[in-house]
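Tertiary structure, described
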Amino acid sequence: MSTMEETNLVFALNGQRFELKDVDPQTSLLTFIRDRTDFKGTKRGCGEGGCGSCVVLLSKYDPQSKQVEEFTINSCLAPVCSIHGCAVTTTEGLKQGNEPHAVHTRLAGFHATQCGFCTPGMAVSIAASLRKCSRKTQHGGKTEQLTSVEAEKFTLGNLCRCTGYRPILDACKSFASDVDIEDLGINTFWQSSDEAHLKKSSLKPYQPETDPQFPTFLKDYTGTSLHVRSAQLGEEKAWISASTLSEVFDIHQSEKIAKNRDVQFVVSHTSYGVYKDFKPAVCIDISRIPELQCLVQTDSTLEVGAAVSLSKVLEILDDSRGPVFPQIADHLRKVASKHIRNRASIGGNLMLTQKHGFASDVATILLGAGARVTVASAENSTVIDLEEFLAKPSPHTSILQSIHIPTWAESENSSDRVFFRTYRSSPRSSGNAVSSINAAFLAIVQTSTPSGHDEPGSKVLHLRLAFGALGSRLPLRTGRTEKYLTGNVVRVDVLREALRILREEIASSARDDKLHTAEYRESVAVAYLFQFLKPFITDANLDNPPSYGPEVDAVRDDGPNDNGEHTIANGNTAVENGSADKESGVQSFGRSVRKPDRKEGFMGKQSFPVSNKFYPVAQPTGKFGSLLQVTGEAVFVDDIPVPQGTLHAAFVPSRKALAKITSVNPSEALASPGAASFISVKDIPPNGQNIGMKNNLIGSSDQVFAEDIVGFVGQPLGVMVADTYEHAMQAAAKVEVEYDETTLGPPILSLEEAVEKNSFKVTELAFMGSASVGDDLEKGDYRIEKAELYAGGQYHFYLEPQTALAVPDEDDCITVYSSTQSPEYLQLSLGAALGIPLHNIRVITRRLGGSFGGKIMHSHPVAVACALAAFKLKQPVKMTLDRNTDMEFCGGRHECKATYTVEFNKDGKITSLDTSVLLNGGFGNIYMDLVSILLTKSMQCYNWNSWRHVTKVCRTNLPGRVLMRAPGEIQGNFFAESIIEHVASFLGLDPTNVREANLHTHESTLRFYGPIAAGSDEYFTLPKVWERLKGSSNFEARTVSVHEFNRKHMWVKRGISIMSLLYPNTQYSPRIARVTVYADGSVVVESGGTEMGQGLFTKVQQATAYGLSRLWGENVAGQVPLSKIRIVQNDTISLGNGSSTEAGITSEGTCEAVVNACNILVDTLRPVLLELQSDTAESASWEAVIQNAKKKNLPLSAQGQLEIIGPESQYIVFGAAVSEVEVDILTGGVRVLQTDLLYDAGKSINPAIDIGQVEGAFVQGIGYYVMEEVKWDENGVLITNGTWTYKPPTIDNIPHQFNVELLNSAADPSRFLSAKGAGEPPLLLSTSVHNAIRQAIKAARADVHQLQHATHEGELKEDKGSGTSHFVMDSKATMESVKKLCGLYNVDQYLEWLSKNKS
Ligand SMILES: Cc1cc2nc3c(=O)[nH]c(=O)nc-3n(C[C@H](O)[C@H](O)[C@H](O)COP(=O)(O)OP(=O)(O)OC[C@H]3O[C@@H](n4cnc5c(N)ncnc54)[C@H](O)[C@@H]3O)c2cc1C
Ligand code: FES
Ligand code: FES
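Throughout this description, residue numbers start from 1 for each chain and increase along the sequence as written. Labels follow written order: the first chain is A, the first ligand is 1, and so on. Thresholds applied to this predicted model are a pLDDT of at least 70 for local features of residues and 80 or more for the giving and counting of side-chain atom pairs; totals over whole chains, interfaces and linings are not thresholded and use all residues. Side-chain calculation: all heavy atoms of the structure are included, whereas hydrogens and water are not.

The name an unreviewed UniProt entry gives the protein is Aldehyde oxidase, with Riccia sorocarpa as the organism.

Written out as structure tokens, the structure is:
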């Protein structure tokens, strides 16, 4: 076939055949699936390859081998043209008819789905991995058993923001052949007391034979070339696949040279994830060219075609021997995610490095390994060094054909050995995050005593030192260091000199970039070379700390095993459950201590009390709708089939932080393909107001569109409306805006600038109690004066971006589907903006794909903008923010700075605290007062004895800050815990002793929180929680173990910390619910609460079953089964005034409202039941009662509400945490080894859901402290605006041993079943991780202090006031900040000390 001949694109999706003629080559597979088919399970979480919610299974048929090759891909990055001849399976396609796949049932049964937005991607990832294992077994001839450790890696590359991953790992592990069923976590399959064989048999087995097969009709298309064009809307575009090298050059000639069109080569197109302007008019697909797919192995080299995927390269290298290949494979395993690697080509990666200076791992490791490349042009092909290739941009007519990697085989008869090691520094150790620095070193070393050399040791004969991701354009070799070391025997003094030279060399190349500093990179580069050369040193032990003394065997020290994993023998003993409820039993799932044979992987235990008294309340029932979520059938707003004629909108954001708008010109944008209209402030109807957010509690705030001035980068100036999402985005980028930046002065971008310019407000703190305790600040023996501390921000990173669909209706009515937490408030905002009465506005919310506070109010401007456009254009309008816009527009957690003066006695008892906090409110002002109140409340978590506090909320030119899970509270808690740590350091005391000296008593909680929140003595469970956790976590013995470990290890330190939790909770808003019973006995419940993954619907379902079953009396449970009860979407017309879902207390309040509604129905139905019973002398069924009630025309719908709200509803949540961490002193990397949490959930309405909330919140807290950094540049532009730069935790970051226990505290009759919220408070327990990191850093710094000749003054910032080991540690314990605190020069100082002490 001639390449110019046009063909159709043919592929299969879930078995269905698709044939397309006119295709835009830029259309991604994800866009096609979501916009052109009914399969909505595949989600768009980021659109840049970073989240995994779009993962699908791709199957390709090879006619030669007659085998089907299968792998997962990110459909958001794959052009639909690139799947010609392939079959695609989404989560819907995994089902066998109506039967869910085994993966579906396991994810649902292990409580591994909360909001459900990540879940379809997770399901496909797991199913694909299982399928791959089963294929290997079938085709490999030998049986390959899946191990638990392998299974835990199934979802690497998929983000989940809700669950904390532990239940997802359990679902994966449940398929492993070596799984011990007792290791698996809480689930719906078995009771903890069941026999092991019953447990096993309750799991639906995976049956590979029922998996979907490759469609026969596609086999004809395999390997055929594709040539499709698109001439939509006057844009001529094409995708042409070339079959041979000469064809490539011909096509290039005809398209580029002859027609002067933008022509680019494409292999897998993953580079679009980072370079979003990669949108050529003509894509020449070079992936099928045989030379680019070659794999030729000889004794000396492996030649890999440039189009071979990283996964394939990895597989080949993995199976190879020698000193280099397995190491490269290991490194490749950490490049991107497996979904990316499955497609991303090795050549594409090198091209990105060459063209764009991409911070590549691949280029560095190949440079280190001495790779060469073949470059082909129309005229010839040449082989050159990779270094030369990278340095000299290729002409765009040439093709990178292949890469030659030397084997560096060692000669059998020689004593020369080849050593090759690679390194990368990244917050996620298994990858899915580009590195902040990487390196690859190759050395040929003579290990015997060389003749003519009088000193034994390792002599370097040949050396290659490559470093990448240095902030400069390209990876480089450090020639001077190589030259110095070559020919030298590696001794301490040689190593010192080599590192000195290296530091100089790197210093001249490393650069600061937006995320990392050159000094960090330089320091880690030195540390890497130190690590590499350390094993060659024979004249000293380079792992001993300076303080290392004689062996002490009193405590077991497990140390790292061969895999670098650590086991913790904590000798945990069973602790009796402290249940106050005699009817409660305790269920425990998983293990709290690692078994000796289980050194790797993740473990956990969940314990909780259950009671049948209020059945099915207090039972760990499965999540309502979980199967719909895993199979992809759950409908989110963006999945709703849109009415015909629906238009799509995209924000036009401000690009300035503070400026007057001088003109907005949309003419060019309106001429852009598909553009329909530009909607701005001018389009607000005459009765409407420019209001973006309105709220019963706080009033109105924020304009929907900027009017005369802009106040932050990302502030919407209007929306462009077009026929498709892509066209709307393209058109929005073309709106021309002119600004005057001179009149208003420079923007305020920091707290300090805000104070300087008087841009702040002192907040009223009266609402929830006084902010001063004690009349005077009481004197102590010591005083720390005016110390300062900074707590950073955090972005919500809900997986489902903000989204809304507005559908205009007759008579000025409108229906808005929105992913909002607050349908009632949105109705208010819409009413204000459109200028119509509230009864014209119907807001519908079925479920949200996560929220964490970010969709209470910031969902409003999105919906209001759609509604304004829909009203004007009389057409439905939909807007789903892309991830970058969402992050720029929606603000996040408030940054704060605290200044404190604290007085205390020598035993650590604090006598007074005086605190002042600056809070960055951003440009908006909606949450100013509320957040400062919450911050204040959380700072009361210790008994300061006397306390004075002031908060100043600053207005800055950054996006308005938003409530985020534990808003202000995590910051306040961080300040409180840090103050305790400061006092302990000052006095040289163990921080645990200082904590205990200042723990609240019941009496002090009465003073600090007031009598209502403190409750009676009986509800004050803090002392019990503290002691119990200390015992169950074996805290004291482990603390000794940690000290002992640190005494013996120089470059890895551990820290352990225990902390308590006091979290005051309040029902701010009324809660309402309506229960309606139908003639067949089925029940529908509507409530004001929205479901966003926190399990509100599940708890409401349980409360309804309990409430209606009370018809038969208090102790007759389960008469109305859960299956009879459906919880439906929020609808402001059907059930108005539903308020907002917030603060983690809506579930309990809504359950109370539901039970109150049920009480009304029970009162109505009781006479019917009595009458039936008197007739039959038997208890009547629910259905019989309802049939008779219908006959009597009794009302079968009732509305209930929560009685007590506001200050009268306050209570305190108690809890405690122990965390143990390990810090890599050379890079600043942190691993959480173990966390034990004890949480007093009152009487949990659903322990499975509450444990999910506790774990998920805790892991979000780890993200806050360890990796999620929010950064702006000097112009107020958000740098961390996507998955490339902002890193929420993955399974790499969760505690390796994660034990959670719920405590069943005494029943408090003032609340529904005494339940306490679990959504927000557990986040604060993550401060234990920060505290533990501090302990580890302290140990590292203590070593540095002992290095007698530490010469780099000023590097370790001492607290001058105390002269003790205190150091200022702000909230962000990122790798870079940890490394800085441990010492950027610690390696140099150590070697200096060693040299001096040796001689
Ligand atoms: C989410 C994500 C995370 C990532 N993380 C990492 C990481 O941690 N470390 C790392 O090293 N990399 C990482 N990458 C980069 C990834 O490895 C590259 O995107 C990929 O290898 C590019 O291959 P491709 O086939 O998709 O190239 P394409 O996107 O198809 O092409 C890339 C560029 O190279 C050109 N090109 C491609 N092949 C040739 C050729 N043979 N001859 C001439 N020109 C060619 C194209 O015209 C285009 O300009 C990541 C990528 C993503 C999306
Ligand atoms: S949407 Fe594709 S990876 Fe996030
Ligand atoms: S359940 Fe994973 S993101 Fe919500």
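Partly exposed describes any residue whose relative accessible area lies between the buried limit of under 20% and the exposed limit of over 50%, with all areas from a 1.4 Å probe on protein chains only and scaled to the type maximum. Secondary structure elements are defined from DSSP: runs of H or I of at least 4 residues count as helices, runs of E of at least 2 residues count as strands, and each element is numbered from the N terminus. Buried residues dominate strand β32 (residues 803-809), accounting for 5 of its 7 residues. Both β32 and strand β33 (residues 813-818) contribute to a ladder of 6 bridges, which runs antiparallel. Among the inter-strand pairings, Val807 is bridged to a residue of β33, identified as Thr815. One requirement defines pairing of two strands: DSSP has to find at least two bridges between them. Connecting β32 to the next strand, β33, in antiparallel fashion are 3 residues, including Asp811 with a positive phi near 55 degrees.

This part takes up helix α8 (residues 310-318). Residues of α8 that are buried: Leu310, Ser311, Val313, Leu314, Ile316 and Leu317. Here, residues are in contact when the closest pair of their heavy atoms is within 4.5 Å. Buried residues along α8 sit in contact with β10 (295-297), β11 (301-305), α9 (325-332), α10 (338-341), α11 (346-356) and α12 (362-368).

Looking now at the packing of aromatic side chains. In this analysis, rings of Phe, Tyr and Trp, with Trp reduced to its six-membered ring, are considered paired at centre separations within 6.5 Å, and the interplanar angle assigns stacked below 30 degrees, edge-to-face beyond 60, and tilted for intermediate values. Here the structure, examined in full by the defined rule, presents 37 aromatic pairs. When the ring of Phe614 is compared with that of Tyr1106, the centres are 5.8 Å apart and the planes differ by 85 degrees; the resulting orientation is edge-to-face. You can see Phe614 sitting in the loop between β20 (603-610) and α17 (626-630) and its partner Tyr1106 sitting in helix α31 (residues 1096-1109), a full 492 residues away along the chain. When its relative accessible area of 14% is taken as the criterion, Phe614 is described as buried. Classification of Tyr1106 by relative accessible area gives buried; the value is 6%. Relative to Phe923, the ring of Phe712 has its centre 6.1 Å away and its plane inclined at 50 degrees; by these criteria the two rings are tilted. Of the two residues, Phe712 is situated in the loop between β26 (709-710) and β27 (716-722) and Phe923 in the loop between β37 (910-920) and α24 (928-939); the sequence distance between them amounts to 211 residues. Residue Phe712 is classed as buried on the basis of its relative accessible area of 6%. Against the face of Phe1045 rests Arg1054, its NZ or CZ located 3.9 Å from the ring centre. Ring-over charges, as used throughout, are those where CZ of Arg or NZ of Lys falls within 6 Å of the ring centre and within 35 degrees of the ring normal.

UniProt positions are given in the numbering used here, feature names are shortened, and annotations may be inferred rather than shown by experiment. According to UniProt, the "active site" (unreviewed entry) feature falls on Glu1320. With respect to the helices and strands, the residue Glu1320 is situated in the loop between β47 (1297-1303) and α35 (1327-1346). For Glu1320, the contacting residues outside a window of four places in its chain are Arg965, Ala966, Pro967, Glu969, Tyr1063, Ala1143 and Gly1144. For the purposes of these results, a polar contact is taken to be a pair of N or O atoms within 3.5 Å, where, inside protein, one atom must be able to donate a hydrogen and its partner to accept one; residues adjacent in sequence count only when each atom of the pair is a side-chain atom. A polar contact is formed between the side chain of Glu1320 and the backbone nitrogen of Ala966, at a distance of 2.6 Å.

Lining the immediate environment of ligand 1, one finds 37 residues, of which Phe265, Thr270, Ser271, Ser345 and Asp361 sit closest. In this structure, an oxygen atom belonging to ligand 1 sits 2.9 Å away from a main-chain N or O atom of His269. Between an oxygen atom of ligand 1 and a main-chain N or O atom of Ala336, the distance comes to 3.2 Å. Per-residue and other accessible areas follow the Shrake-Rupley method at a 1.4 Å probe size, with only the shown protein chains counted as cover for residues. For ligand 1, whose accessible area on its own is 970 Å², the fraction buried by protein is 98%. Elements represented by at least two residues in the shell around ligand 1 include exactly β8 (263-266), α11 and β14 (399-406). The element contributing the most residues to the shell around ligand 1 is α11, with 5 residues. Nearness of a residue to a molecule or strand requires only that one of the residue's heavy atoms be within 4 Å of it.

Before going further, it helps to spend a moment on the sheet that holds strand β16 (residues 437-446). Taking strand neighbours across the sheet as the criterion, the 4 strands line up as β15-β16-β17-β18 in an open arrangement whose pairing is antiparallel. Two strands in the sheet have a free side with no partner beyond their single neighbour: β15 (416-425) and β18 (476-477). Pairing between β16 and strand β17 (residues 459-468): 9 bridges, direction antiparallel. Looking at the pairing, Ala443 lines up with Leu463 of β17.

Right, let's talk about helix α19 (residues 725-732) for a bit. Within α19, the full set of buried residues consists of Tyr725, His727, Ala728, Ala731 and Ala732. Looking straight down α19, one finds that the buried residues subtend no more than 165 degrees of arc, so they occupy a single side. Note that the arc is computed from the directions linking the helix axis to the C-beta atoms.

Our next topic: the sheet that holds strand β28 (residues 736-740). The antiparallel open sheet is built from 3 strands, whose spatial order is β26-β22-β28. Among the strands making up the open sheet, the edge pair consists of β26 and β28. By the bridge criterion, 5 bridges tie strand β22 (residues 659-665) to β28 in an arrangement that is antiparallel. Opposite Ser663, over in β28, you have Glu738 as the bridge partner.

Moving on, we get to the UniProt feature "binding site: Mo-molybdopterin" (unreviewed entry) in the protein. Here, the residues flagged by UniProt with the feature "binding site: Mo-molybdopterin" (unreviewed entry) are Gln821, Phe852, Arg965 and Ala1143. Taking the farthest pair of C-alpha atoms as the criterion, the annotated set spanning 323 residues converges on one region, since that pair is 12.9 Å apart. Turning to its location among the elements, Arg965 is positioned in the loop between β38 (947-954) and α25 (969-987). Residues within four places of Arg965 in sequence aside, it is in contact with Phe852, Arg893, Gln1253, Gly1256, Ala1257, Gln1260, Gly1319, Glu1320 and Leu1323. Side chain to side chain, Arg965 and Gln1253 meet in a polar contact 3.3 Å long. Following the sequence through the fold, Ala1143 ends up in the loop between β43 (1130-1131) and α32 (1146-1176).

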